[in-house]
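Listed below, chain by chain, are the residues.
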Amino acid sequence: MQVKDIIKELELFAPPSFQESYDNAGLIVGNSNDAVSAALISLDITEEVVQEAIDRKCDLIISHHPIIMGGIKRLNGNNYVERSVIKAIKNNIAIYACHTNADSVKTGVNGMISKKIGLQNCKILDPKKNSLLKLVTYAPKANADAVREAIFSAGAGNIGNYDSCSFNTEGTGTFKANADANPHVGNLGELHQEEEIRIETVVPAYLKNKVVSALLKSHPYEEVAFDLFPLENVWNEVGSGMIGELPEAESELDFLKRIKKIFNVGCIKYTSLLNKPVKKVALCGGAGSFLVNKAKALGADVFISGDFKYHQYFDAENQLVIADIGHFESEQFTKELFYELLTKKIPNFAVCLSNVNTNPIKYL
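Quick summary incoming for the structure in this document.

Concerning the overall build of the protein
Phase 1: Summing up its helical and strand segments, the protein has 11 helices and 15 strands in all.
Phase 2: In terms of principal-axis extent, the alpha carbons of the protein reach across some 85 × 55 × 40 Å.
Phase 3: In the protein, 72% of the contacts between residues at least 6 apart in sequence involve partners at least 24 apart.
Phase 4: Put simply, the protein shows about 18700 Å² of open surface, and 49% of that area lies on carbon and sulfur atoms.
Phase 5: Between the mean site of the 38 positive side-chain charges and the mean site of the 44 negative ones, the protein shows a separation of 6 Å.

Put into structure tokens, the structure is as follows:
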């Protein structure tokens, strides 16, 4: 195996283009063509984690949080980041991070949290905007099915639980081939009319090049007419946070106690209880305070996340209960998420879960 073989599966699951602008997901240390025999999965990168990789003969570390987020100007070993990177390089260990891109996919970090809580009918809390395109193209009747199949296979035409979605209308295309052309139909210098199908479908923006390439390869014309239009529609399959429903309503205190047990939380910081049943739950792994108003707007009874600042607790406004369970605690099952993905996709590759508890916060 090579590092790029492992990266391929991770990025099919969580495309790098889904990461936030401030993030640094991707291959941080190492070369994608390097050979790799085993991977260690951790939430964070510390010196202890790198040493664990050395001891367990893992030449790739897959973490959720990037070891380098901002710029790094020197490697002198003056802090844990520099020492961890130096140690990894000296021991030929690659480091790959799958961070906010894994947060953004529906089956990612927040999907795993929802699964642990037992939520049903889950939806993205704050779907991404400006991430979809409308593709319009024209194909001869005899070739329309093949063209549609090619662009669908490349990732076009998916809407929620449906795939192969398109709208098709019949019409007449006209063209005149000049002396340098090699037309599929018609004669040089003569105006030709061809019965064609107008095909319209939706395309995730990050798949634009792949879909256009599939279109050009499958289309019989020498010059393929197509248009791409940006859409303002939200993309319900990608975004921040998650909201879902419990199978049965629970009291607020019982629910918080169950969350404390599931996530092994040292302490839950929460706002005033509202003395009403908990049925609809919103959540966001890591730091999700920016989603409180969205959770309120969608009628959540409880919002679970981490890293709330003092004044942000007031945003509950007695409309829901904010439950701050901690950054590490909320994302701890991300290791399990990556492990399940890789062992399923590459069953003959050695994947290890780190035994190092990287949570820097302790509770007295």
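Here we look at the sheet that holds strand β4 (residues 94–97)
Phase 1: If you trace the 5 strands from one edge of the open sheet to the other, you get β1-β4-β3-β2-β15, paired in mixed fashion. The two strands at the open ends of the sheet, each matched to only one other strand, are β1 (26–29) and β15 (350–353). For this sheet the average axis-to-axis angle between neighbouring strands, irrespective of direction, equals 25°.
Phase 2: Packed on one face of the sheet, helix α1 (residues 3–13) meets β1, β3 (60–63) and β4 and runs near 5° to β4.

Regarding the sheet that holds strand β13 (residues 302–306)
Phase 1: Strand order in the open sheet formed by 6 strands is β5-β10-β12-β13-β14-β11, with mixed pairing between adjacent strands. With partners counted over all chains shown, the strands left at the sheet margins are β5 (120–128) and β11 (269–270), one partner each.
Phase 2: Both strand β12 (residues 278–287) and β13 contribute to a ladder of 4 bridges, which runs parallel. Within the sheet, the bridge partner assigned to Ala-282 lies in β13 and is Phe-303.

Observations regarding the pairing of β13
Phase 1: Extensive coverage of β13 is indicated by the burial of 5 of its 5 residues.
Phase 2: In β13, alternate side chains face the same way, and those of Val-302, Ile-304 and Gly-306 on one face and Phe-303 and Ser-305 on the other are all buried.
Phase 3: In terms of handedness, the path from β12 via helix α9 (residues 292–297) over to β13 forms a crossover that is right-handed.
Phase 4: In this sheet, strand β14 (residues 321–324) lies alongside β13 in parallel orientation, the contact comprising 4 bridges. Across the sheet, Val-302 pairs through a bridge with Val-321, a residue of β14.

Here's the deal with the side chain of Thr-358
Phase 1: Within the secondary structure, Thr-358 sits in the segment after β15.
Phase 2: For Thr-358, a relative accessible area of 10% puts it in the buried group.
Phase 3: A polar contact is formed between the side chain of Thr-358 and the side chain of Asp-44, at a distance of 2.5 Å.

Points about the packing of aromatic side chains
Ring pairs (aromatic) are described by centroid distance and by the angle formed between their planes.
Phase 1: What the rule picks out here adds up to 8 aromatic pairs.
Phase 2: Relative to Tyr-313, the ring of Phe-308 lies with its centre 5.5 Å away and its plane at 40°, an arrangement referred to as tilted.
Phase 3: Classification of Phe-308 by relative accessible area gives buried; the value is 6%.
Phase 4: These aromatic residues form a ring-pair network of at least three members: Phe-18, Tyr-206 and Trp-235.

A short note on the nonpolar core
When a protein is soluble and globular, its nonpolar side chains tend to lie buried together.
Phase 1: The biggest cluster of nonpolar side chains holds 52 residues, and the ones touching the most others in it are Ile-6, Ile-62, Ile-117, Phe-255 and Ile-304.
Phase 2: A per-element tally of this core places α1 first, with 5 residues.
Phase 3: Once residues within four sequence positions are removed from consideration, Ile-304 is found in contact with Ile-117, Phe-255, Ile-259, Val-281, Ala-282, Leu-283, Cys-284, Ala-323 and Ile-325.

Here we look at a nonpolar patch on the surface
Phase 1: On the surface, Ile-72, Leu-75 and Ile-89 cluster together into a nonpolar patch covering about 250 Å² of accessible area.
Phase 2: For Ile-89, the location among the structural elements is in helix α3 (residues 80–90).
Phase 3: Overall, the relative accessible area of 47% leaves Ile-89 in the partly exposed class.

Side note on α3
Phase 1: Buried within α3 we find Val-81, Glu-82, Ser-84, Val-85 and Ala-88. Along α3, the residues classed as buried sweep out an arc of 165° about the axis, all on the same side.
Phase 2: As for α3, its buried residues are in contact with β1, α2 (47–55) and β4.
Phase 3: At the N-terminal boundary of α3, the capping side chain belongs to Asn-79, with an oxygen 3.1 Å from the backbone nitrogen of Val-81.
Phase 4: A positive backbone phi angle near 55° is found at Asn-92, which sits one or two residues after α3.

Observations regarding α2
Phase 1: Looking at α2, one finds that the buried residues are Val-49, Val-50, Glu-52 and Ala-53. Seen end-on, α2 carries its buried residues on one side only, within an arc spanning 155°.
Phase 2: The inward-facing, buried residues of α2 contact β2 (38–42), β3, α3 and β15.
Phase 3: Phi for Lys-57, located one or two positions after α2, is positive at around 55°.

As for the side chain of Thr-46
Phase 1: Take Thr-46: it is sitting in the loop between β2 and α2.
Phase 2: Among the residues examined, Thr-46 registers a relative accessible area of 15% and is labelled buried.
Phase 3: Of note is the side chain of Thr-46, whose polar atom sits 3.2 Å from the side chain of Glu-48.
Phase 4: The residues contacting Thr-46, other than those within four sequence positions of it, are Tyr-80, Ser-84 and Thr-358.

Parameters and conventions
Residues numbered from 1 in each chain as written. Predicted model: local features only at pLDDT ≥ 70, side-chain atom pairs only at ≥ 80, totals over all residues. Heavy atoms only, no water. Helix = DSSP H or I, 4+ residues; strand = E, 2+ residues; numbered from the N terminus. Contact = heavy atoms within 4.5 Å. Areas by Shrake-Rupley, 256 points an atom, 1.4 Å probe, with all protein chains shown as cover. Lys, Arg positive; Asp, Glu negative; His and termini not counted. Charge placed at Lys NZ, Arg CZ, Asp CG, Glu CD. Pairing = 2+ DSSP bridges. Axes fitted to C-alpha atoms, helices over the stretch in contact; angles between N-to-C directions. Buried < 20%, exposed > 50% of the residue type's maximum accessible area, 1.4 Å probe, protein only. Right-handed = clockwise from strand over helix to strand, strands pointing away. Polar contact = N/O pair within 3.5 Å; in protein donor to acceptor, adjacent residues only side chain to side chain. Phe/Tyr/Trp six-rings, centres within 6.5 Å; stacked < 30°, edge-to-face > 60°. Core = buried A, V, L, I, M, F, W, Y, C linked by side-chain atoms within 4.5 Å. Patch = residues over 30% accessible without salt bridge, like charges linked within 9 Å, V, L, I, M, F, W, Y side chains within 5 Å. Salt bridge = Lys/Arg side-chain N within 4 Å of Asp/Glu carboxyl O. Arc of directions from axis to C-beta.

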